[in-house]
Amino acid sequence: MAAEGGRRGEKKGADGAAARKAKQQGGFRTMPFILANDFCDRLASVGFTSNLITYLTLQMHIPLVQASNIITNYNGTANLTPLVGGLIADSFAGRFWTITFGSFFYQLGMVCLTLSAALPSLHPPPCAKHAADCHRASSYQVAVLYLSLLCTSIGTGGTRPCTMAFGADQLELAGRRRGAGAARPKWSFFNLYFFAVELAKLTAVTAVVYVQENVGWGWGLGVPTIAMLAAVIAFVSGYSLYVRMPPGGSPLVRLAQVAAAAFKKRKAAVPDPSLLYQDKELDAGISTTGRLLHTDQLKFFDKAAIVTDGDMLPSGEPNPWRLATVHRVEELKSIIRILPICAAGIILVTSSSHNHSFAIQQARTLDRDLTPRFRIPPASMLIFTNLAMLLTLAFYDRVLVRVLRRLTGRPNGITHLQRTGVGLTIAMLSNAVAAVVERRRRSVAVASGLLDSPKATLPMSVFWLVPQFAIHGVANAFMDVGRMEFLYDQAPESMRSTAAALYWLTFSIGSYLGTLLVTIVHAKTKGSGQWLPDNLNRGKLDNYYWLVVALEVVNLVYFFVCVKYYTFKPVETVGGEEEVELYNGNGNMKKQGGGFKQ
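Quick caveat, the model's predicted, so the values are computed rather than measured.

Definitions and limits used
- Here the residue numbers are simple positions, counted from 1 along each chain's written sequence.
- Totals for whole chains, interfaces and linings use all residues, but because this is a predicted model, local features are given only for residues with pLDDT of at least 70 and pairs of side-chain atoms are given and counted only at 80 or more.
- Computation of side-chain values covers all heavy atoms of the structure but excludes hydrogens and water.
- Elements are defined by DSSP. Helices are runs of H or I of four residues or more, strands are runs of E of two residues or more, and each kind is numbered from the N terminus.
- Relative accessibility thresholds used throughout: buried, under 20% of the residue-type maximum; exposed, over 50%; partly exposed, between the two (1.4 Å probe, protein chains only).
- Contact criterion: two residues are considered in contact whenever any of their non-hydrogen atoms come within 4.5 Å of each other.
- Residue exposure ignores everything except the shown protein chains as possible cover, and the areas themselves are Shrake-Rupley values with a 1.4 Å probe.
- A helix is expected to reach a length of 1.5 Å times the quantity of its residues less one.
- A residue's bend is the angle separating two fitted axes: one through the seven residues that end there, the other through the seven that start there.
- In this description, a nonpolar core means a group of buried Ala, Val, Leu, Ile, Met, Phe, Trp, Tyr and Cys residues linked to one another through side-chain atoms lying within 4.5 Å.
- Each patch is built from residues that are more than 30% exposed by relative accessible area and take part in no salt bridge. Like charges join if they lie within 9 Å; nonpolar side chains (Val, Leu, Ile, Met, Phe, Trp, Tyr) join within 5 Å.
- The term salt bridge refers to a side-chain nitrogen of Lys or Arg lying within 4 Å of a carboxyl oxygen of Asp or Glu.

S.K.: How should I be thinking about the overall build of the protein in this particular structure?
M.R.: If you tally the helices and strands in the protein, you get 18 helices and 6 strands. Going through the 598 residues of the protein one by one, you find that 56% of them count as buried. Pairs at least 24 apart in sequence give 80% of the contacts found in the protein among residues at least 6 apart. About 25500 Å² of surface is accessible on the protein, with carbon and sulfur atoms providing 64% of the total.

In structure tokens:
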């Protein structure tokens, strides 16, 4: 008896030690490690992508349209791989290790890219002073470039879908372990996250781009490479402090199981929702912050939760390909409801893809002299996007939210969908201004007799481009944060990395669509006045901008229709023995005593 009591005491002591260790993990103490990782990651990525159009056209001697398509294709691939990375993280690897291995591949890609710029054998020789044509990069040199971009694309697949969700987990899950009440999305975290990202971008488009333009591309790409190494070290060093949410198994398999079970019972009549199958123990691992409650939309999938003969295995557990819990059915419904809202971000990415290509080339033709000895690098015009987003995020978080909270009564001022809609509307203004400024730039070229001198500097200040870059930054402050808040909040708990990957998937599809749009416009306008020639002075880039504005108007109408018919997910979270809090995703909480009711 004494020995048995001793063993119970040892077990109790071990459990207590584990509980104390768990309470010491997570929280704001982890933010320096996570945000330092993402800061250096973005410094590295923006440090070369923001000026990549210059590297491709002036160093690799690739034609403008082909270079623009390389950039959009790279962005498309780099934003497609996060879908794979998110699934890997949610299925078996977990977010920490997915971020770590992704960072390693990104580092490898940056090293290869730096070598391609530093070693003379990996890039073509400089153009002769009065040469009409320059030697283009060889197939071998282009292959090394593509290999570098491929490695960085694989790396973003591990970091981008997981970093935001991992950081939010540190606050949400740690709060629950400390008994801080029902878990709620940490709105301030996303503002803080995007603020750090924009700070990194600001550093990249000033210091890093300056080094590239004035010191050399070897050092200009070497600095981001060193920053990426620092990112990996910073992140891994915080290992013992992190809350690491265990993966809940493949989310795609669970979604497929629900769809298969519903199809097998397609002829069954859906009973009262209270009769649908529930199993708290089965769902415990994928619903630690609250089970999803039944919704009336997409009722076909409710058939997967109807109990029929043959649904149970000999062990007494349900056959997941024949019977699903309400929580798992609602996981599938949540993802299906999210997809149309996500799709609204595709055109937005397409409409802004030119900021890293054509807009940079516009800046190159304008007067960029600040002093007799200092000229603004064209890619550094992106600083005004970053500054505008930083200022808007600070103003929104510290001032605007407090005002809106008094008016609406919502903790975050307005819903994330309203915030996204504001951003989409402002983004249209950015492209309209860009069209007007481009028309002005071309008229200056005509008046100055420089139509056939694409490398000449026009007597027009580069600061004419500031409004279009700045307005785009304001739009991003509303739109990017709103979309990520929406995805983190509305995605099932066990699929948050996958849902974050949907955010990046819109960037991927939007980038590829940008390539398609540029290719079509370039091909269709050859016979009637080229819109997008290498010599922008002879082009009609303003027509392209107006085409983009028209697409954005159609997209905004589509977004409003999706929002009108969207249903927020209701979540059941236990606040005590007798009290249940129901969070329905729109910023409101309802409390009920007794059982679990919607």
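S.K.: Mind showing me how you'd approach helix α12 (residues 326-352) here?
M.R.: With 27 residues, α12 should cover 39 Å at 1.5 Å per step; its first-to-last C-alpha distance of 40 Å lies within 8% of that length. At leucine 339, α12 is deflected by roughly 30°, the largest bend along its length, and proline proline 340 occurs up to four residues later in sequence. Summarising burial for α12: 23 of the 27 residues are buried, a large majority.

S.K.: Could you clarify how one ought to interpret the nonpolar core in this entry?
M.R.: Soluble globular proteins: nonpolar side chains tend toward being buried together. In this structure, Phe48, Leu56 and Tyr544 are the most contacted members of the largest nonpolar core, which totals 70 residues. Among the elements that line this core, the one with the most residues is helix α4 (residues 64-78), at 7 residues. Leave out the neighbours within four places in its chain, and tyrosine 544 touches His354, Leu517, Val518, Val521, Trp531 and Leu532. If you look at the next biggest cluster of nonpolar residues, it comprises 53 residues, including Met31, Phe189, Met428 and Trp504.

S.K.: Can you walk me through unusual backbone geometry in this structure?
M.R.: Glycine aside, residues mostly have negative phi, and peptide bonds are mostly found in the trans state. With a phi close to 60°, histidine 61 is a non-glycine residue in the positive phi region. Relative to the elements of secondary structure, histidine 61 occurs in the loop between α3 (52-59) and α4. Phi is positive for leucine 298, which is not a glycine, with a value near 50°. Within the secondary structure layout, leucine 298 lies in the loop between β1 (291-292) and α12.

S.K.: What should I look at first to understand a nonpolar patch on the surface in this one?
M.R.: Taken together, the side chains of Phe104, Phe105, Leu108, Leu147, Leu150 and Ile154 present a nonpolar region at the surface, about 530 Å² in accessible area. Elements supplying a minimum of two residues to the nonpolar patch: α6 (95-118) and α7 (139-177). Inspection of the secondary structure puts leucine 108 in helix α6.

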